[in-house]
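Listed below are the residues making up each chain.
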Amino acid sequence: MKLPDGLIQVADGLHLWAPGYTGTWGFANCLLIVSGEEAALVDTPYDQAMTEALMGAAETVLPGAVRTIVNTHVNGDHTFGNGCFPDAEIIATKASAEHLCHEPSPQQMHFLTHQTPADQPLGWYARRHFGRYRYEGVESVPPTVTFSGRYELTVGDIAAELIEVGPAHSAGDLVVHFPDRGVVCAGDVLFAGDHPVHWNGPLGNVIAACETILALDPEVVVPGHGAVMSREDVRCYVTYHRELEALIRARHAGGLSADEAAADILAGGFRDHLGLPERVVILTAVEYRHLDGDTGEPDLVALAARAAEWAYRHRGEDVLD
Ligand SMILES: [Zn+2]
């Protein structure tokens, strides 16, 4: 696994650390904001080694310490590096902070990747997609500043507007808009290259979040994972969600179980050029929860286990084999 040793400048003062890997989990994009003597970071990597790689790549543009972290949401692949910035203010939505306790902890991730049976679907899948990260010694560090709605952040002379767009991918998603730069950093509302995963939903909320982004008319959109996107890419992504929503609803109305519906949609070849098709199992289960009026908290590990079952049955068909 080679991590980037440089940053990609997406606009003046905005530098992207893009691990670049698709077809697997955990390689999230991080955006460094640098102006004058000030620096902030949108999202932190999954473990300490990755965070060190990011800070090494950032050395040439950083004027000093990173004093502000923005977490687009609280999934570990965007927050477990928070502990590497002990003096920083950490900003997230109030909804994210309130749902942090439902996230798998670093200790749970270590258990899943080391102590589950390796020959069973969940243990096999966890090792395959999460076994490369080191969760030992990682502390989950909560936000120190929370807000609802909108929050104005200034880094040197760069204005950033944090806009709450959740619940969508998670309970408390935010996007970061740089109005003077024509850039939106979207977190996991957007994925490029792979099927997306959304834990909260419904898909209609993800579509609404994408429409909020499009209304900002950005030149460059940074997704949570994968390559930088254009407005047209975001529109295609909206179409993906509208089509999937219709496929799921038809099968729900037809009396199929969520797992039967997902298997049927995947057997039909839905967007089969994208990586991680098993995520459709999660998207379908999440959409079914809303269609069934289930208002309980989503169980992320249970959802991942259902995707792992599908992937295990179809192993040998994807690029990692
Ligand atoms: Zn992510």
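All values reported here derive from a predicted model rather than from experimental measurement.

What to know about the overall build of the protein
Thinking step 1. A count of helices and strands for the protein gives ten helices and twelve strands.
Thinking step 2. Computed over its C-alpha atoms, the radius of gyration of the protein comes to 19 Å, within 12% of the 20 Å expected for a compact globule of 321 residues.
Thinking step 3. Over its C-alpha atoms, taken along the principal directions, the protein stretches across nearly 60 × 45 × 35 Å.
Thinking step 4. With an accessible surface of roughly 13100 Å², the protein has 50% of that area assigned to carbon and sulfur atoms.
Thinking step 5. Here the protein carries 20 positive and 45 negative side-chain charges, and the mean point of each set is 4 Å from the other.

A look at helix H8 (residues 258-267)
Thinking step 1. Those residues of H8 lying buried are Ala258, Ala261, Ala262, Ile265 and Leu266. Taken around the axis of H8, the buried residues stretch over an arc of 130°, which confines them to a single face.
Thinking step 2. Where H8 is buried, its residues contact helix H7 (231-253), helix H9 (279-291) and helix H10 (300-313).
Thinking step 3. Where H8 ends, the next residue or the one after it, Gly269, has phi of about 80°, a positive value.

Some details on unusual backbone geometry
Thinking step 1. Cis peptide bonds are those with omega within 30 degrees of zero, and the linkage from Gly166 to Pro167 qualifies with 0°.
Thinking step 2. By the element assignment, Pro167 lies in the loop between strand S9 (158-164) and strand S10 (174-178).
Thinking step 3. Looking along the chain, the bond that leaves Gly201 and enters Pro202 is cis, with omega of -5°.
Thinking step 4. One can find Pro202 in the loop between strand S11 (183-185) and helix H6 (203-215).

Some remarks on the sheet that holds S11
Thinking step 1. Pairing in this open sheet of five strands is mixed, and the strands run S8-S9-S10-S11-S12 from one edge to the other. Edge positions in the open sheet fall to strand S8 (150-155) and strand S12 (220-222), since each of these has one partner strand only. Direction aside, the axes of adjacent strands within the sheet are offset by 20° on average.
Thinking step 2. Both S8 and S9 contribute to a ladder of six bridges, which runs antiparallel. Bridging from a neighbouring strand, Thr154 pairs with Ala159 of S9.

Some details on the environment of Ala305
Thinking step 1. Along the polypeptide, Ala305 turns up in helix H10.
Thinking step 2. Separated by 183 residues in the primary sequence, Ala305 and Leu122 have C-alpha atoms spaced 5.3 Å apart.

A closer look at the coordination of the zinc ion
Angles between donor atoms at a metal ideally measure 109.5 degrees for a four-coordinate tetrahedral arrangement and either 90 or 180 degrees for a six-coordinate octahedral one.
Thinking step 1. Coordination of the zinc ion by the protein is provided by Asp77 (OD), His78 (NE2), Asp188 (OD) and His225 (NE2), with metal-donor distances spanning 2.1 to 2.3 Å.
Thinking step 2. If you look at the zinc ion, its four donor atoms make angles of 87 to 155° with each other, and the shape they trace is irregular.
Thinking step 3. Read from N- to C-terminus, the donor residues coordinating the zinc ion fall into the pattern D-H-x109-D-x36-H. On the criterion of sequence distance, the pair formed by His78 in helix H2 (residues 76-79) and Asp188 in the loop between S11 and H6 is long-range, its members being 110 residues apart.
Thinking step 4. Note on His78: relative accessible area 0%, which makes it buried.
Thinking step 5. Of the residues examined, Asp188 reaches a relative accessible area of 2% and is grouped as buried.

Re H9
Thinking step 1. The end-to-end C-alpha distance of H9, which contains 13 residues, comes to 18 Å, matching closely the 18 Å that a straight helix rising 1.5 Å per residue would cover.
Thinking step 2. Counting buried positions along H9 gives eleven out of 13 residues, so the element sits mostly inside the fold.
Thinking step 3. Of the positions making up H9, those classed as buried are Arg279, Val280, Val281, Ile282, Leu283, Thr284, Ala285, Val286, Glu287, Tyr288 and Arg289.
Thinking step 4. Elements in contact with the buried residues of H9: H6, H7, H8 and H10.

Rules used throughout
Residues numbered from 1 in each chain as written. Predicted model: local features only at pLDDT ≥ 70, side-chain atom pairs only at ≥ 80, totals over all residues. Heavy atoms only, no water. Helix = DSSP H or I, 4+ residues; strand = E, 2+ residues; numbered from the N terminus. Rg over C-alpha atoms; globule rule 2.2 N^0.38 Å. Areas by Shrake-Rupley, 256 points an atom, 1.4 Å probe, with all protein chains shown as cover. Lys, Arg positive; Asp, Glu negative; His and termini not counted. Charge placed at Lys NZ, Arg CZ, Asp CG, Glu CD. Buried < 20%, exposed > 50% of the residue type's maximum accessible area, 1.4 Å probe, protein only. Arc of directions from axis to C-beta. Contact = heavy atoms within 4.5 Å. Pairing = 2+ DSSP bridges. Axes fitted to C-alpha atoms, helices over the stretch in contact; angles between N-to-C directions. Donors = N, O, S within 2.8 Å, 3.2 Å for Na, K, Ca; no water. Tetrahedral: all angles 85-135°; square planar, octahedral: opposite > 155°, others 65-115°. Expected span 1.5 Å × (residues − 1).

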